[in-house]
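One letter stands for each residue in the lines below.
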Protein chains: 2
Amino acid sequence: MIRIVILGTGNVAKQLFDAFKVKNAIEIVQVYGRNPRTLDKFKAGIDVTSDISKIKKADIYIIAISDDAICDVSKKLNLQKGLVAHTSGSIPMTSLSKKIRRGVFYPLQTFSTNRKVYFKEIPICIEAESKEDYDLLHELASTISAQVIQIDSDQRKSLHLAAVFANNFTNHMYQQAQEICEQNRINFDILLPLIKETAAKVQDLSPLFAQTGPAKRNDLGTIQKHKALLEHENHKKIYSLLSKSIQNTYGKKL
Amino acid sequence: MIRIVILGTGNVAKQLFDAFKVKNAIEIVQVYGRNPRTLDKFKAGIDVTSDISKIKKADIYIIAISDDAICDVSKKLNLQKGLVAHTSGSIPMTSLSKKIRRGVFYPLQTFSTNRKVYFKEIPICIEAESKEDYDLLHELASTISAQVIQIDSDQRKSLHLAAVFANNFTNHMYQQAQEICEQNRINFDILLPLIKETAAKVQDLSPLFAQTGPAKRNDLGTIQKHKALLEHENHKKIYSLLSKSIQNTYGKKL
């Protein structure tokens, strides 16, 4: 049995809470949140506190709070023992207080309110300072995920950056597509099967080979027509830069 | 029974061929391809020709060839009757020869060699000059797809442009992510569940609400660190432009 305390009340904290709560190998001893009102959703049968000096003993303390606050909260933790791991993609392990056993427990996924994620398929990237702590984090992560991966702080920074392209920027492309549809009284839902297939394709095929479209074909006529059709300056800029980037990618390979 | 001729031997032609071939309501009378060698994969039990003057009689002629050649091929067709529909997203219906009955049969999906698509879920956007021809195309499309939509040539142009953002540019984001992973000796496969979830999320949620990440949060510290971490000038440019575009999107709404 691994005894854990979750520090944080946001999306990541809540989804981890829900995932661990149903695991027999895990006992959630307590949930900490600075603001007592945000603790309501954790109360059923679990001890909660908004006083950091009253945090209970546990094997692992999971800090799932905003990046800016991680260092500060780790310093305020007054622990005799126990391993402290944060869940951030971009904060180094060494940002945690030196006085404690440190680790990282980074689930690589996009979390939104009201959208349940299934941890089984989510890679959990872990890091620790000792073999024992690494094994402990591995044991914890394995209770919810089938993909537990050792990633050091430098790699994790780059992975997080790659995830910004794969997730944040991709979603922004969807949003640009939606704007163009709306400007032309087209239902955005028509694009949903295409969006699904675009993501499904790279599950098997490298994105380099999956690429299609006018920029890939260097079809200058269509590119010109598209630019003329775009009404917003912002859409035009993005269209130009990304088309050029695709043209350069495939031009180099000719 | 609708009798069709398919003109073209590329991905779209082959996938339409495979989908129609198994439908009882459809008879594929012939496949035309300029280059006899590309016709091999259509031969089993179906008449093929590379001589445009020898095209057989049919109810519908589907032109699934590159955009540049559509107008020319439609002019060379010497038909007594029958409806001619091209499958392009960006070519107006009126680019087809005036001497024939004209239409458009545009399946909104990304087609790659060796990757079978399932037409049932693919929106087919149709257009015709008369009610009768529209109904005929609708009947044809309905044999393979559950989503047949009337879209005129102007809307189709915009839809195709929106699809460039939702598919081509999205795939390019995946590729940038892969490059960043490779530069840092990280297996790109770790990002695949995130890519899948990003696409799954907007099936229910508007992209405007699904957005997450440092630019959405206006987290200038992380944005600065990310820019410093990017090695390639091209990645930097794309990161800056898209982050700014996301910041502007959400800044406006504050």
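Quick note: structure is the one above.
Caption draft 1: Layout of the environment of B:Asp133. All names here are of chain B. Counting through the fold element by element, Asp133 comes out in helix H3 (residues 131-142). Note on Asp133: relative accessible area 6%, which makes it buried. Considering only alpha carbons, one finds Asp133 and Leu83, 50 residues apart in sequence, at a separation of 7.1 Å. Ignoring any residue separated from it by four or fewer positions in sequence, one finds Asp133 in contact with Leu83, Arg101 and Ala128. Polar side-chain contacts of Asp133 include one of 2.6 Å to the side chain of Arg101.

Caption draft 2: Highlighting helix H2 (residues 67-76) of chain B. Among the residues of H2(B), those classed as buried are B:Asp67, B:Ile70, B:Val73 and B:Ser74. Viewed end-on, H2(B) has its buried residues packed into an arc of 100°, placing them on one side of the element. Of the exposed residues in H2(B), the ones pointing more than 90 degrees away from its buried face are B:Asp68 and B:Lys75. Those residues of H2(B) that are buried are in contact with helix H8 (220-229) of chain A together with strand S1 (2-7), strand S4 (60-63) and strand S5 (83-86) of chain B.

Caption draft 3: Highlighting the sheet that holds strand S3 (residues 47-49) of chain B. All names here are of chain B. Taken together, the 8 strands give an open sheet; going across it, the order is S3-S2-S1-S4-S5-S6-S7-S8, and neighbouring strands pair in mixed fashion. The open sheet has two free edges, formed respectively by S3 and strand S8 (148-150), since each of these has just one partner strand. Across this sheet, the average inter-strand angle for adjacent strands is 25°, counted without regard to direction. Sheet topology note: the S1/strand S2 (residues 26-32) ladder contains 6 bridges and is parallel. Bridge pairing in S2 places Val5 opposite Gln30. Sheet strands touched by H3: S1, S2, S4, S5, strand S6 (101-107), strand S7 (124-128) and S8. Its angle to S7, the strand with the most contacts, is close to 160°.

Caption draft 4: Representation of the pattern of salt bridges in the model. All names here are of chain B. The full count for this structure, using the stated rule, is 30 salt bridges over all chains. With its nearest N and O atoms 2.9 Å apart, the salt bridge here joins Glu127 to Arg156. Of the two residues, Glu127 is situated in strand S7 and Arg156 in helix H4 (residues 153-183); the sequence distance between them amounts to 29 residues. Of the two residues, Glu127 and Arg156, both sit in the buried class. Taking the shortest distance from any N to any O, the salt bridge between Lys131 and Asp135 comes out at 2.6 Å. Placement of both Lys131 and Asp135 in helix H3 is noted, with a separation of 4 residues, approximately one turn of the helix. Take Lys131: its relative accessible area is 58%, and that puts it in the exposed class.

Caption draft 5: Molecular detail of the relation of the copies chain B and chain A. When chain B is brought onto chain A, the operation consists of a screw motion whose angular component is 180° and whose axial shift is 0.0 Å, with 0.0 Å RMSD remaining. With respect to symmetry, the two chain copies, as superposed, fit the operation of a two-fold axis. Taking the C-alpha atom as reference, chain B places B:Thr170 closest to the rotation axis, 2.6 Å from it. Most of the interface of chain B is mirrored in chain A, where 100% of its interface residues again form contacts.

Caption draft 6: The arrangement of the side chain of A:Thr222 in detail. Counting through the fold element by element, A:Thr222 comes out in helix H8. Setting aside chain neighbours within four positions, we find A:Thr222 in contact with A:Pro214, A:Tyr239, B:Asp67, B:Ser90 and B:His160.

Quick notes on the rules
Residues numbered from 1 in each chain as written. Chains lettered and ligands numbered in written order. Predicted model: local features only at pLDDT ≥ 70, side-chain atom pairs only at ≥ 80, totals over all residues. Heavy atoms only, no water. Helix = DSSP H or I, 4+ residues; strand = E, 2+ residues; numbered from the N terminus. Buried < 20%, exposed > 50% of the residue type's maximum accessible area, 1.4 Å probe, protein only. Contact = heavy atoms within 4.5 Å. Polar contact = N/O pair within 3.5 Å; in protein donor to acceptor, adjacent residues only side chain to side chain. Arc of directions from axis to C-beta. Pairing = 2+ DSSP bridges. Axes fitted to C-alpha atoms, helices over the stretch in contact; angles between N-to-C directions. Salt bridge = Lys/Arg side-chain N within 4 Å of Asp/Glu carboxyl O. Least-squares fit on C-alpha atoms with pLDDT ≥ 70 in both.

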